[in-house]
Structure formats: C-alpha cells, structure tokens
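Now for the letters of each chain:
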Amino acid sequence: MIRFEQVAKRYPGGREALSELSMSMEKGEMAFLTGHSGAGKSTLLKLIALIERPTRGQVIINGQNTNGVSRRKIPAYRRQIGIVFQDHKLLYDRTVMDNVGLPLVVQGIGHREVGRRVRAALDQVGLLGKEKLFPVALSTGEQQRVGIARAVVSKPDLLIADEPTGNLDPDLSLEIMSLFQRFNDVGVTLLIASHDLALVERLGKRRIILESGRLKQGSQPGGFHR
Amino acid sequence: MNRRRSVRKDTQPRAPRRKPTGSGLRLPGLIKAYFTRHAQNLFSALGRMVRQPVGSLLTVTVIGIALCLPVALHLLVVNGKAITSSWDSAVDLTAYLKTGQSGDAVQKLAAKLRQRSDISNVDVIPADKALEEFRELSGFGEALDALTSNPIPDVLVIRPTEENLSAASVKLLADELAAWKEIDLVQVDTAWVERFHALLNILRRAVTLAAGLLAVGVVVIVGNTIRLDIQNRKNEIEVCKLIGASDAFIRRPFLYSGFWYGLGGAFIALLVVNGTLLLLQKPIRQVAGLYGSNFELMGLDPAFTLLILAGGSGLGWLGSWLAATRHMRLIEPGKDS
Ligand SMILES: Nc1ncnc2c1ncn2[C@@H]1O[C@H](COP(=O)(O)OP(=O)(O)OP(=O)(O)O)[C@@H](O)[C@H]1O
Ligand SMILES: [Mg+2]
C-alpha cells in the first residue's frame, strides 16, 4: 500500500528532513509513526499526501509512483487518501454536514447521496444527529471526530493522520485511537504520526520510528504481517 | 465506547428500502447533479455577496460607473445622428451669377432651374437689391457711392427636392451648375453638416475606444475583488485542495461571484443612464420646441440593453476567471504550515 524507496527530502534552505528512507506497509496494516520533534514525521506524511515532493527516491502509494502524478492529477490522487489533521482543518462557517460531505461534493456526488453517506460516517464516529451544528458548537474531541468522519466519508483505502490526538486529553485520545482501530478492522490501511508513546505502546501496533530523518534501528522497515 | 455500531455499514436500518443508488454516477443523474451544482453555486455566490452588502455594493457601483461612460457616449452618437437627419433638409445651394447679365436673363435662368425635377425652389436675389441691403446694413454708403458699377453679383438660392438632399446628389447638382456659362460659382452650405458628421465619426470611434478601455477596467476591478475574496477564503481553498477538489471546482464559486458583480454593474449603469434620460427628456423637448423641431431624445433599445447586461456579466466572468486561475495557484497546502 505504501512503499518508500531511498526517499530523501530537503526543504529549500534547510538540511535534509528525510534521508535515504525505505519502508513499506501492507494493505490493511495499521502503524504508528513516532520519533522526536523534527524527526520528519509530518514530512513523511506530506510526501504521501503530495503536499510535498521528494527530493530523491520514490514514494509508491497503492501501486502508483507519486513522482508520476502531475499537478493536474493531484486532486484525483488525493481522493483515494483520507487525511486527518491535528488542527482538524474544519470550515467554521459551514455545518458539520457540509464539512463532512465536502469530499463527496468535490467528486460531484448528488445531494441526497451525500446526505446519506455523511450520516453513515457521522454514525461511525458517534456524532449522528449533530449534522446541523456548526463546528464551534462542538468540543475539541468532537471536532476531531468530525475531521475523521470527513476523512473516511469517501471510503478511502488509506488513512493518514498527523498527531490526531495532539490536542486531546488521554481519555479522548484513547477514544480516537480506538475509532481508528475500528476502521482498521474493516480493512482500511492506517498510518498515524504520534508523540504519545504511552498510548502507542498500549495499542500494540507496529511502530515506525524516525530519528533525524532516518529509520531508527530496531523499528520494523516493512514486510510485517499482522 | 458503547454506542458502537458496525463500521462501514452505511445503509440506515430505518431508511425506507430504496433501489440502491450505487455511487450515484449514472449519466442522467450526473447531468442533473451538474446543473444542480451550478444552480447552487450561482445562488450561494449571490448569498455571499448579500452577506457583505457594503463591499459588494461598492464593487458593483464602481463597475456600474465604468460601464456608464460607453453607454452614455453611445446614446450621444445615436441622438446626434437623429439630429443631423433632421438638419440635412435645410441644405441650400447658393449660385453666384456672372456679372453683367440683364434682369430678364436672370429670371429666365431661374425659371429654367425651377423646371428641373431635382429642384424644388429657386429664389432670386437681384444684384441691385443686394447692394441696397448692403448699403443700409453695413454703413459703407459713402464708399459704395464711389463705385462706378455694382460689385455684387445676382444670386440664386436653390433648394433641391426632398429626394435629392443627400450629400452626394447635392454635390453632383452643384458641380453641374458650376459648369454653366451664366454661373460663376456655386456654394454648398453643407460644410458644417459634414463637419458635424466628421465629429460624430470621431465620437463613434471614441465610444469604441472607451468601451474597450472600460471593459479592461471592469475586468481589472472584478479581478481585484476576486483576488481579495480568494485571500479571505485561503483556508477554505486549502482544505478543498487537501480533500481532492479540482481547480475547476474551487474556481466555480468565484466565477459566479464575478458574473453577479458584472451583471449588477451593468444593471446600475442602465439605471443611471435611463434615469438621466428621463430627467433630460422634458428640457430637451422644450428646447427643440423653441427651434420648431419635434426632436425626441432617443433611449436605449432593448437589443443594446441586452448587450450591456450580457457584456457586463461576461466581463465579470472573465475578470474572475483570470484572477481565480492566477491566485488559486498560489494557495497550496503546506506552503506555509
Ligand atoms: N516547510 C518547511 N520548510 C523548511 N523546513 C521544514 C519545513 N517543514 C519542516 N521542516 C524541517 O524539516 C524537519 C522535519 O520536520 P517535520 O515537521 O517533518 O518534523 P516532525 O517529526 O513532524 O516534528 P513534530 O513532532 O515537531 O511535528 C525539521 O527540521 C523542520 O524544521
Ligand atoms: Mg509534525
């Protein structure tokens, strides 16, 4: 599902954020991306979402080499990936319904179908009945769940999340993580960047540990099967 | 969490059984969805403008003023043409005869001219009478007494018939008469009419030029408004890009905003011009009445009104397309986060 081959990323005017990184994830796998601040976790996820391009090497997602995805093809490419952000990135002038439905509207899916699928997604994150509310009327944990509902509403095969629990207390964090776990149970591939080592430990999933842009000795580089 | 339900099962149990819609991407559905989406965009763009009444009104007014000028100039040309068509009928030819001809000969010549089918009337101003008048009016009496002979020629004032009033046929007649042996010189009083026509032509060209310049102006005004609009909605655009929105999708609402701005501007221009016409109608009728004319100020015809509305909204669309296409590019997720 995800394969990094000798990937390096250097930001303009900076040192290398990622260096000679190789790793892979199977379809249906769930893994945590950890490492110290500045280790390159966000950078790795940005390469998957094509927010950034690799300086060297290849990133292959779902059998598709991202180097071959032109600017015009990025929208279609991103539609197969669900992205969850630490700061939710919700639109605060739109209702929960409109926020969650946006990925479907973008694909030109009809109004009624959007409503049906949004309610299904909200049901999955436990927010059914809140579709008419605006995000400000929700707690931080609820807002994050709206963000997750938006990421899964179009049923992507791959879900990536950058510090999805970064702003949440431990109970809420666990709740969000078990939500991710349930998506994984039905076959979604998940890669989650997290600082929260204790929580990651507790969930007992595969860990990909970065250290200064390289894979840390001892973390599994790939080919790992559950 | 105990409110857990089966993940990924998305038909609600309480939803009435319906034929599965699949992804909803069958062709008629797609076409319907396409139009629904455009209609939604059209009105949500209008809604956004209404929610920011001051800014929107400002933009629309500036566009309206910009469009006013070419519309007003156009009306000036149209009415100018109408005026000259009524003036053309006042064209006379003045023929100065060679001196030394008897009064009889002059009268005969006049009679001969009157017989022509292309001439409706001939007035004779005999040299003696002209000299008399001149003596009285000029106050050069003494000096004129010193002259041994009358320096003023006999004059015929010739009015062509209604059908022969065009500049070309008047000139033809003048040339023909000038060749006659009794006639010294023929003067056509169309010079000022021609000058007026030339002026109108310049004005018409000015209209085209002004229209072109102001069209560019409208594109720039709308483009600038849309640019600010895009900057204000940077976040939204970024999020849309992250979830796979195409450029066309992101651009669409801005295109509709541009369309409304242009249409609103055209509407205001028409309102201002028609209002001004209404105010001018009465005083102009009075002035025309003083000159014995029944000239009526001509308003905008429906075709031109439509042209302005279509042109305004089209320019708005173009301006927003240019601005949106350019500035959307600059907003990319990750470029500043
Ligand atoms: N847009 C950018 N321009 C320049 N340098 C950047 C940019 N983004 C990240 N970096 C640098 O790249 C390195 C890796 O950053 P990255 O954000 O991937 O780390 P991280 O592991 O996500 O850290 P954190 O846990 O603090 O979020 C850092 O040294 C950072 O300073
Ligand atoms: Mg980070």
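Residues numbered from 1 in each chain as written. Chains lettered and ligands numbered in written order. Predicted model: local features only at pLDDT ≥ 70, side-chain atom pairs only at ≥ 80, totals over all residues. Heavy atoms only, no water.

1. Examining the confidence of the model for chain A
Stated formally: pLDDT is a per-residue confidence score from the predictor, ranging from 0 to 100. Secondary structure follows DSSP: runs of H or I at least 4 residues long count as helices, runs of E at least 2 residues long count as strands, and numbering of each begins at the N terminus.
Here chain A averages 90 in pLDDT, and 96% of its residues register 70 or above. Of all secondary-structure elements in chain A, the lowest mean pLDDT belongs to helix α7 (residues 197–203) of chain A, at 87, while strand β8 (residues 189–193) of chain A reaches the highest, 95.

2. Observations concerning the pattern of salt bridges
Residues and elements named next belong to chain A. Here is the rule: Basic side-chain nitrogens of Lys or Arg form a salt bridge, by our definition, when they fall within 4 Å of a carboxyl oxygen of Asp or Glu. Burial classes follow relative accessibility: with a 1.4 Å probe on protein chains only, a residue under 20% of its type's maximum area counts as buried, one over 50% as exposed, and anything between as partly exposed.
On inspection of all chains with the given rule, the structure shows 23 salt bridges over all chains. A salt bridge links R56 to E20; the shortest N-O distance between them is 2.8 Å. You can see R56 sitting in strand β4 (residues 56–61) and its partner E20 sitting in strand β2 (residues 16–25), a full 36 residues away along the chain. By relative accessible area, which is 37% here, R56 ends up partly exposed. By relative accessible area, which is 35% here, E20 ends up partly exposed. Residues R145 and E175 are paired through a salt bridge, measuring 3.7 Å at the closest nitrogen-oxygen approach. Taken together, the residues span a long stretch of sequence, with R145 in helix α5 (residues 140–152) and E175 in helix α6 (residues 170–185) at a distance of 30 residues. There is no split in this pair, since R145 and E175 are both buried. Each of the salt bridges in this network shares a partner with another, and the network as a whole consists of R10, E16, E20 and R56.

3. Details of the site of ligand 1
Residue and element names in this part refer to chain A. Rules: Summary of the distance rule: residues count as near a molecule or strand when at least one heavy atom falls within 4 Å of that molecule or strand. Here a polar contact is recorded for every N or O atom pair within 3.5 Å, except that within protein the pair must consist of a potential hydrogen donor and a potential acceptor, and residues adjacent in sequence are included only if both atoms are side-chain atoms. Methods summary: accessible areas were calculated by the Shrake-Rupley approach with a probe of 1.4 Å, and residue burial reflects only the protein chains presented. Each residue gets one label: Ala, Val, Leu, Ile, Met, Phe, Trp, Tyr, Cys and Pro are nonpolar, Asp, Glu, Lys and Arg are charged, and the others, such as Gly, are polar.
The full set close to ligand 1 counts 13 residues, and S37, G38, K41, S42 and T43 are the nearest of them. The contact in question runs from an oxygen atom of ligand 1 to an N or O atom on the backbone of A39, over 3.2 Å. Considered on its own, ligand 1 offers 630 Å² of accessible surface; in the complex 65% of this is hidden by protein. When residues of the shell around ligand 1 are assigned to their parent elements, the largest contribution, three residues, is made by helix α1 (residues 41–48). Its residues assigned to classes, the shell around ligand 1 shows three nonpolar, seven polar and three charged.

4. As for a negative patch on the surface
Selection criterion: Exposure above 30% relative accessible area and the lack of any salt bridge qualify a residue for a patch; like charges then connect within 9 Å, and the nonpolar side chains Val, Leu, Ile, Met, Phe, Trp and Tyr within 5 Å. Neither His nor the chain ends is counted toward charge; the positive residues are Lys and Arg and the negative residues Asp and Glu. Positions of charges follow a simple convention, taking NZ of Lys, CZ of Arg, CG of Asp or CD of Glu.
Residues D128, E132, E133 and E136 of chain B make up a contiguous surface patch of negative charge. Looking at where D128 of chain B falls in the secondary structure, it is placed in helix α4 (residues 127–138).

5. What about the pairing of strand β1 (residues 2–10) of chain A?
All names here are of chain A. Put simply, the test is: The pairing criterion is simple: DSSP has to find at least two bridges between the two strands.
Bridge count between β1 and β4: five bridges; the pairing is antiparallel. Its bridge partner being in β4, I2 is matched across the sheet by I61. As judged from the six bridges shared by β1 and β2, these two strands associate in the antiparallel manner. Paired with V7 across the two strands is L21, which belongs to β2. Adjacent in sequence and paired antiparallel, β1 and β2 are bridged by five residues, among which G13 carries a positive phi angle near 75°.

6. Points about the sheet that holds strand β3 (residues 155–160) of chain B
Residue and element names in this part refer to chain B. Condition: Angles shown run from 0 to 180 degrees and are taken between the N-to-C directions of axes, each axis being a line fitted to C-alpha atoms and, for helices, limited to the stretch in contact. Only heavy atoms enter the contact rule, under which two residues are in contact if any of them lie within 4.5 Å.
Taken together, four strands build an open sheet; the order of strands is β2-β3-β1-β4 and the sheet is antiparallel. Edge positions in the sheet fall to β2 (119–125) and β4 (183–188), since each of these pairs with one other strand and no more. Direction aside, neighbouring strands of the sheet carry axes that sit 20° apart on average. Most of the contacts of helix α3 (residues 103–115) go to β2, to which it runs at about 165°, and overall it touches β1 (93–97), β2, β3 and β4. Packing of helix α6 (residues 167–178) onto the sheet brings it into contact with β1, β2, β3 and β4, and relative to β4 it is tilted by some 165°.

7. Remarks on the pairing of β4 of chain A
All names here are of chain A. Pairing analysis gives two bridges linking β4 to strand β5 (residues 64–65), with the strands arranged antiparallel. Following the sheet pairing, I61 is matched in β5 by Q64. Between β4 and β5, which follow one another and run antiparallel, lie two residues, and N62 among them has a positive phi close to 55°.

8. Thoughts on a nonpolar patch on the surface
Side chains of L27, I31, Y34 and F35 of chain B sit close together on the surface and give an oily, nonpolar patch of about 440 Å² of accessible area. Structurally, F35 of chain B can be placed in helix α1 (residues 27–51).

9. Comments concerning the domain arrangement of chain B
Rule in force here: Just so you know, the domain bounds were taken from an automatic or database domain assignment.
For chain B, the assigned domains read domain 1 (38–85 + 195–328) and domain 2 (99–181). Between the C-alpha centres of domain 1 of chain B and domain 2 of chain B there is a distance of 56 Å.

10. Re helix α9 (residues 247–290) of chain B
Put simply, the rule is: Helix span, as expected, comes to 1.5 Å for every residue beyond the first. To get the bend at any residue, fit one axis to the seven residues that end at it and another to the seven that begin at it, then take the angle between the two axes.
With 44 residues, α9 of chain B should cover 64 Å at 1.5 Å per step; its first-to-last C-alpha distance of 64 Å lies within 8% of that length. At Q281 of chain B, α9 of chain B shows its largest bend, some 35°, and a proline, P283 of chain B, comes one to four positions later.

11. Quick notes on the sheet that holds strand β7 (residues 158–162) of chain A
Residues and elements named next belong to chain A. Read from one edge to the other, the open sheet built from six strands follows the order β6-β7-β8-β3-β9-β10, with strand pairing classed as mixed. Two strands in the sheet have a free side with no partner beyond their single neighbour: β6 (81–84) and β10 (214–215). Both β7 and β8 contribute to a ladder of five bridges, which runs parallel. Bridge assignment links I160 to a residue of β8, and that residue is L191.

12. Quick look at the packing of aromatic side chains
This is how it is decided: Only the six-membered ring of Trp is used, alongside the rings of Phe and Tyr, when aromatic pairs are assigned; centres must lie within 6.5 Å, and planes under 30 degrees apart are stacked while those over 60 apart are edge-to-face, with the rest tilted. We call a charge positioned over a ring when the NZ of a Lys or the CZ of an Arg lies within 6 Å of the ring centre and within 35 degrees of the ring normal.
If you walk through the whole model with that rule in mind, you get two aromatic pairs over all chains. Taking the centre distance of 5.6 Å and the plane angle of 85° together, the rings of Y256 of chain B and W317 of chain B count as edge-to-face. Of the two residues, Y256 of chain B is situated in helix α9 and W317 of chain B in helix α10 (residues 302–330); the sequence distance between them amounts to 61 residues. A relative accessible area of 9% places Y256 of chain B in the buried class. When the ring of F259 of chain B is compared with that of W260 of chain B, the centres are 5.4 Å apart and the planes differ by 70°; the resulting orientation is edge-to-face. Overall, the relative accessible area of 24% leaves F259 of chain B in the partly exposed class. Relative accessible area serves as the criterion here: at 16%, W260 of chain B is assigned to the buried category. Sitting above the plane of the F85 of chain A ring, K89 of chain A keeps its charged end 5.5 Å from the centroid.

13. Regarding the nonpolar core
The criterion, for reference: Throughout, nonpolar core names a set of buried Ala, Val, Leu, Ile, Met, Phe, Trp, Tyr and Cys residues whose side chains join them through atoms within 4.5 Å.
Formed by 51 residues in total, the largest nonpolar core has its most connected members in V218, I226, I230, I250, F254, Y261 and L300 of chain B. At the level of secondary structure, the elements contributing two or more residues to this core comprise α3 (96–106) of chain A together with α1, α2 (53–87), α7 (191–232), α8 (234–242), α9 and α10 of chain B. The dominant element in this core, judged by the number of residues it contributes, is α9 of chain B, at 12 residues. L300 of chain B has contacts with V71, H74, L75, L270, V273, N274, L277 and T305 of chain B, leaving out every residue within four places of it along the chain. Judged by nonpolar contacts, the second largest core, of 36 residues, contains M30, I109, V152 and I176 of chain A.

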